[in-house]
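Given next are the chains, with one letter for each unit.
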Amino acid sequence: GMVIAETYYRMLPNGAREWFNPDEVTVEHDSKGKALSATLISDGQPVVIGGIEKMSKSKNNGVDPQIMIDEYGADTCRLFMMFAAPPDMSLEWSDAGIEGASRFMKRVWRLAYKHVNAGSHDGLDIATLNDAQKDIRRAIHAVIKHANNDVSQHQKFNTAIAQVMTLMNVLEKAPVATAQDRALLHEGLETVVLLLAPITPHICHAVWLQLGHSTPVIDAAWPQADESALVQDTLSIVIQVNGKLRGNIDVAASASREEIEAAARANENVLRFVDGLTIRKVIVVPNKLVNIVAN
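What you see is a predicted model, and the numbers here were worked out from it, not measured in a lab.

Enquirer: An account of unusual backbone geometry is requested, with residue identities and associated values reported.
Expert: A positive phi angle, near 50°, is found at Asn242, a position not held by glycine. Considering the arrangement of structural elements, one finds Asn242 in the loop between β7 (234-241) and β8 (244-252). A positive phi is found at Asn287, a non-glycine position, where the angle reads about 65°. By relative accessible area, Asn287 is classed as exposed at 51%.

Enquirer: Mind laying out the nonpolar core, listing which residues take part and the relevant values?
Expert: Core analysis: the largest hydrophobic core is formed by 45 residues, its most contacted members being Leu79, Trp93, Phe104, Leu171, Val192 and Leu196. Elements with a minimum of two residues in this core: α2 (74-84), α3 (95-116), α4 (131-154), α5 (157-173), α6 (179-196) and α7 (201-210). Take this core: its biggest share by element is 8 residues, from α6. Here Leu171 is in contact with Leu111, Ile136, Ile140, Leu185, Gly188, Leu189 and Val192, once residues within four sequence places are set aside.

Enquirer: Hey, could you go over the pairing of strand β1 (residues 3-11) for me, with residue numbers and the actual values?
Expert: Relative to strand β6 (residues 91-92), β1 runs parallel, the two sharing 2 bridges. Among the inter-strand pairings, Val3 is bridged to a residue of β6, identified as Leu91. When β1 meets strand β5 (residues 46-54), the two strands line up antiparallel, connected through 5 bridges. Paired with Ala5 across the bridge in β5 is Glu53. In this structure, β1 lies alongside strand β2 (residues 17-20), joined through 4 bridges in antiparallel fashion. Its bridge partner being in β2, Tyr9 is matched across the sheet by Trp19. Counting the residues between successive antiparallel strands, the hairpin from β1 to β2 contains 5 residues, one of them, Gly15, with a positive phi of roughly 90°.

Enquirer: Tell me about the pattern of salt bridges, and please be specific about residues and values.
Expert: Counted by the stated rule, this structure contains 9 salt bridges. Here Arg107 and Glu172 are joined by a salt bridge, their closest N and O atoms 2.7 Å apart. Of the two residues, Arg107 is situated in helix α3 and Glu172 in helix α5; the sequence distance between them amounts to 65 residues. Take Arg107: its relative accessible area is 22%, and that puts it in the partly exposed class. Overlapping salt bridges bring together Arg137, Glu187 and Asp226 as one network.

Enquirer: Report on the sheet that holds β7, specifying residues and quantitative values.
Expert: One open sheet holds the 4 strands; their spatial order is β8-β7-β10-β9, and the pairing between them is mixed. Among the strands making up the open sheet, the edge pair consists of β8 and β9 (279-285). Strand after strand, the sheet turns through a mean of 20° between neighbouring axes, direction not considered. Direction of pairing for β7 relative to strand β10 (residues 289-294): parallel, over a ladder of 4 bridges. In the sheet register, Gln240 faces β10, and the bridge partner there is Asn291. Taken strand by strand, helix α9 (residues 257-266) contacts β7, β8, β9 and β10, and its axis lies near 125° from that of β9.

Here is what the cut-offs are and how they apply
- Residues numbered from 1 in each chain as written.
- Predicted model: local features only at pLDDT ≥ 70, side-chain atom pairs only at ≥ 80, totals over all residues.
- Heavy atoms only, no water.
- Helix = DSSP H or I, 4+ residues; strand = E, 2+ residues; numbered from the N terminus.
- Buried < 20%, exposed > 50% of the residue type's maximum accessible area, 1.4 Å probe, protein only.
- Core = buried A, V, L, I, M, F, W, Y, C linked by side-chain atoms within 4.5 Å.
- Contact = heavy atoms within 4.5 Å.
- Pairing = 2+ DSSP bridges.
- Salt bridge = Lys/Arg side-chain N within 4 Å of Asp/Glu carboxyl O.
- Axes fitted to C-alpha atoms, helices over the stretch in contact; angles between N-to-C directions.

Below is the structure:
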């Protein structure tokens, strides 16, 4: 794909356009990041926003990536470029996008730093994970599975990076009270680093060593999803009475229709709402909901 950026110009008396480089212009944005108006820094007077065009000398909308690399580092610039567009699409150059990529890498760095200084753990004991820990581990391995799919089959790094960003949200909220909690966070951080390493190798190399490895991250195996982590033991099922949401129950993923119906009928909210009514029928939609019809 090509690299594109905003253009800015003024009409000259002879009907020609004078193009100004993005560096020479201040832009006002709305809350969604859309450009509202632009002024020339040198004289404070308005310029026309000419829309987004391929970077070119004639339109004077070239952005020198070296300036960005000097300011943010090559890793962050690459992360932004890989995240902003799939390989077959045009890349819209954006300072806000680079800023966002930089903030994200700082979050990875901070969480790893906090983790490394939080005390030791003895590795993960998968057999004794509680339900909340299983949920976190499922999130980790779901991301590995998606990323493997996106990158190996479609070369779509942008969606893989989006997955990693979602995983970071989960890891930042994950508890760290027990050694098992910390071991799980460790697995999550290793996953983040391994998935980002092709794009941000310098930062990931440093974090990988901090996580206790003696060999470089580029020599590490690409992560593989643990299918057993993706299996859900329990499902949350919505309960309706006469089509209105009245609660939910957690049932074993293997539960039969009868067991699901029995659990729904015994739910205290259901009992409250069918009190004095006759249950006419119970509709069970497996893995989803139970609707109790009563009058």
